[in-house]
Amino acid sequence: MGTFPRIHLVVLAVTALGLASASSASALLPDLSLLASESFPWTAEGTAAGAYNVTTLIGSSFICTGLTIKVEFVQLGSLGIYRLTFTGCKEGATNKCKTGAEPAETVVITGEAHLVFISLSPLTVGVLYLVPTTTLLCGPAGSPEKLKIKIEGSSLARFTGALNTNLTMYTTVIHGSKGKAENAKYLNSEGKEVEASLKANFGLGSEGADMNSEKELEDKGAAMFIING
């Protein structure tokens, strides 16, 4: 899997999204804490088979058949870093997709993950993934860079575990269809409602896009943890 930073770490302008800095906790953001007997850094990691895709409003998409996710928090707070490694990635039937020097059909995205509130009533926590500009190289065996796909922006997953209790599994779900995310709106550190926005360019210009997971993502924590909401 490698070490952080690798699931890509480009530092994005967090303040532009109205989020708290890594060193400042906010009462308006949930946070991840550990038991007194444990210490940071804390990591969670999991692998799942299933369909994972990014799709635009007009139906352009790439689809992957496997995903390994790793999340790391280096201190108490709402800010973590993530690494997503997608495998079996294709655009269409014959265009195999990859990023950088990764093996064929392997797409890696890394960035910041922020815990946020999707709703205060009912109390719902989300994980906002900041997606730096990432270029996928896609094509058949004879022309592996025939198509370049760029994705960037942010995507919001819903945390499905219990809040304010000891946990061992970090579980999330992310759904969308035809460029529209199931969960996009969340509250920033000032309590204002803002919206996540993922963009994809399949060569026809930047379009709104969604990220969809066929299954709930389950990552086993290296130590017991609590999501405080």
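Further up the page is the structure itself.
None of these values were measured; they are calculated from a predicted model.

A. Inspection of the pairing of strand 6 (residues 95–99) at higher detail. Side chains of strand 6 alternate between two faces, with Asn95, Cys97 and Thr99 buried and Lys96 and Lys98 left unburied. Here strand 5 (residues 90–91) runs beside strand 6; their pairing, made up of two bridges, is antiparallel. Residue pairing in the sheet places Glu91 in a bridge with Asn95 of strand 6. Between strand 5 and strand 6, which follow one another and run antiparallel, lie three residues, and Gly92 among them has a positive phi close to 75°.

B. Representation of the pattern of salt bridges within the structure. Counted according to the given criterion, the structure contains two salt bridges. Notably, a salt bridge pairs Lys96 with Glu105, separated by 3.9 Å at the nearest N-O pair. Relative accessible area serves as the criterion here: at 39%, Lys96 is assigned to the partly exposed category. Between Lys192 and Glu190 there is a salt bridge whose closest N-O contact spans 3.6 Å. You can call Lys192 exposed: its relative accessible area is 51%. A residue is classified by how much of its surface remains accessible, and Glu190, at 54% relative accessible area, is exposed.

Rules and cut-offs
Residues numbered from 1 in each chain as written. Predicted model: local features only at pLDDT ≥ 70, side-chain atom pairs only at ≥ 80, totals over all residues. Heavy atoms only, no water. Buried < 20%, exposed > 50% of the residue type's maximum accessible area, 1.4 Å probe, protein only. Helix = DSSP H or I, 4+ residues; strand = E, 2+ residues; numbered from the N terminus. Pairing = 2+ DSSP bridges. Salt bridge = Lys/Arg side-chain N within 4 Å of Asp/Glu carboxyl O.

Note that every value here comes from positions in space, so none of it alone points to a role or purpose.
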